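Listed below are the residues making up each chain.
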Amino acid sequence: MDRIRIRGGKPIDGRIVIGGAKNAALPLLTASLLTDETLVLTNLPRLADITTLTHLLVQHGVSVTMNGAEAGEERGHVLELSARRIASTTAPYDLVRKMRASILVLGPLLARCGEARVSLPGGCAIGPRPVDLHLKGMERLGATVELRQGYIHASAPKGLVGSEVVFPIVSVGATENLMMAATLAEGETTLVNAAREPEIVDLARCLAAMGAEIDGAGSDRIRIRGVKRLRGTRHRVIPDRIETGTYMMAAAITGGAVELLGAEHEAVAAVARALEGAGVEVSETPRGIHVRRRNGRLTGVDVMTEPFPGFPTDLQAQMMAAMATADGAAMITETIFENRFMHVPELCRMGANINVHGASAMVRGVPKLTGAPVMATDPRASVSLVLAGLAAEGETVVNRVYHLDRGYEQLEEKLAACGADIERLVGD
Ligand code: EPZ
């Protein structure tokens, strides 16, 4: 298995092109199931999760054609997806277990075919992650949902019917699944306490271009008027705000300066506020965002994860790595997932001083981290160890690199181009 080796202590300095957002791309790919016409997605990141979901779509009968980077500004991959005929409405365990986002085929299949059989995703490294809100939402739209032998069996032979769906807690995935299902339902659906993430807005924009009637995406109340059919379109995926935030932290932790090309400030405003409080300058440039640590060490700041527009859970581990070297203490509270502190023991092995009390971690900054062999079990925890390694004295080897490959495109190339001493050690 591949590993990443980092020799720390060099400030990150230069420019990094931000790729398309993984978490926007995944629901957009499943939206291809809603139409018998071709959906073309551009600016897709080249990531293992995208490949996994593509395999699932092919299994449902979607024909997927891959095109290279486009001319001009278009740098990402381009996929053409045509679900002319749905060959199977079953999402099997072997594919779903590789990636939880596979649950996002449920809404589109149910809406288009009146039935879907999707393996129940199990727990994962960051918590039990139930899908009850997705299922209750589909029932509100008139589907019958049963759980048998590890599978969700959902059916609505006469089609879905619009309704009001009130989410008791904010869920990105459930909002996306229900929004897609409602586009082909009869009548109007209102999603109340909907997620407001930029990825939801991007999905709504694509669905609207496909002919869906959607108002209010980006607010906590989304209204969808069902239409008889959707058509194909061409859609460009938004820049990845989590990749953006990760490189903002890389500049912060190493005392460097980077310009993140294509990054959108509004999508990382909460992250910029937190970093500014810690002594980092964040400014908008004509081409993206510029991030530079002011002289001296970072200052400890408290951070609490929240649904958008709050500080994202997907940047909590990276922020913790940065705070591990700050002057003073930082309380980091995780409110979205119950088990998202697996990076803590690994950061401590690198000399960090962190104590977890329930949902909060008290980080007492130390002047220097030291390199060590480390590993983690999800993309964000893994990248936090890479960041810590960039700032640490000596050599860090991050194992289980496939987690990084799920979430970060060309991580080591992008960092090395900015002066980091980082390389991939290719294993068996
Ligand atoms: C999305 O996951 C992202 N994944 C996650 O990205 C991200 O961490 C998360 O949103 C929160 O921002 C994708 O977009 C593919 P949720 P999702 O439903 O949709 C609970 C990454 O590293 N919940 O908003 O699965 C759930 O357990 C990742 O890229 C229920 O209780 O997250 C959690 O505590 C991992 N019942 C909370 O809601 C449900 O039916 C928010 O989860 C659904 C969710």
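Shown above is the structure to which this text applies.
Model, not experiment: these values are computed from the prediction.

The rules behind each value
Residues numbered from 1 in each chain as written. Predicted model: local features only at pLDDT ≥ 70, side-chain atom pairs only at ≥ 80, totals over all residues. Heavy atoms only, no water. Helix = DSSP H or I, 4+ residues; strand = E, 2+ residues; numbered from the N terminus. Rg over C-alpha atoms; globule rule 2.2 N^0.38 Å. Buried < 20%, exposed > 50% of the residue type's maximum accessible area, 1.4 Å probe, protein only. Contact = heavy atoms within 4.5 Å. Areas by Shrake-Rupley, 256 points an atom, 1.4 Å probe, with all protein chains shown as cover. Lys, Arg positive; Asp, Glu negative; His and termini not counted. Charge placed at Lys NZ, Arg CZ, Asp CG, Glu CD. Near = heavy atom within 4 Å. Polar contact = N/O pair within 3.5 Å; in protein donor to acceptor, adjacent residues only side chain to side chain. Pairing = 2+ DSSP bridges.

Trainee: Quick rundown of the overall build of the protein chain? Include the residues and the values.
Mentor: Broken down by element type, the protein chain carries 14 helices and 24 strands. A compact globule built from 428 residues should have a C-alpha radius of gyration of about 22 Å, and the protein chain, at 21 Å, falls within 12% of that. Counting across all 428 residues of the protein chain, residues that qualify as buried make up 58%. Long-range pairs, those at least 24 residues apart, make up 74% of the contacts in the protein chain between residues at least 6 apart in sequence. By element, 48% of the accessible surface of the protein chain is carried by carbon and sulfur atoms, the whole surface being about 16,700 Å². Seen as two clouds, the 46 positive and the 49 negative side-chain charges of the protein chain have centres 2 Å apart.

Trainee: An account of the site of the ligand is needed here, citing residue identities and associated values.
Mentor: For the ligand, the set of nearby residues contains 22 residues, the closest of which are Asp132, Ser171, Val172, Asp314 and Ile336. Contact distances for the ligand include 2.7 Å between an oxygen atom and a backbone N or O atom of Val172. In the model, an oxygen atom of the ligand is placed 2.5 Å from a nitrogen or oxygen of the Ile336 main chain. Coverage of the ligand by the protein chains reaches 84% of its 830 Å² of free accessible surface. The set of elements that each furnish at least two residues to the shell around the ligand consists of helix 1 (22-30), helix 5 (132-140) and helix 6 (172-183).

Trainee: Mind laying out the side chain of His403, listing which residues take part and the relevant values?
Mentor: Mapped onto the elements, His403 comes out in helix 13 (residues 402-407). Beyond its immediate stretch of four places on either side in the chain, His403 contacts Ala376, Thr377, Asp378, Pro379 and Ser382.

Trainee: Residues and numbers for the environment of Asp220, please.
Mentor: Mapped onto the secondary structure, Asp220 falls in the loop between strand 12 (213-215) and strand 13 (221-225). Residues Asp220 and Met342, 122 residues apart in the sequence, show an inter-C-alpha distance of 31 Å. For Asp220, the contacting residues outside a window of four places in its chain are Leu191, Val192, Asn193, Ala194 and Arg196.

Trainee: Can you tell me about the pairing of strand 14 (residues 233-236), naming the residues and giving the values?
Mentor: When a strand is regular, its side chains alternate between the sheet's two faces. Across the two faces of strand 14 the burial differs, with Thr233 and His235 buried and Arg234 and Arg236 not buried at all. In this sheet, strand 14 lies alongside strand 3 (residues 38-44) in parallel orientation, the contact comprising four bridges. When the sheet's bridge partners are listed, Val40 is paired in strand 14 with Arg234.

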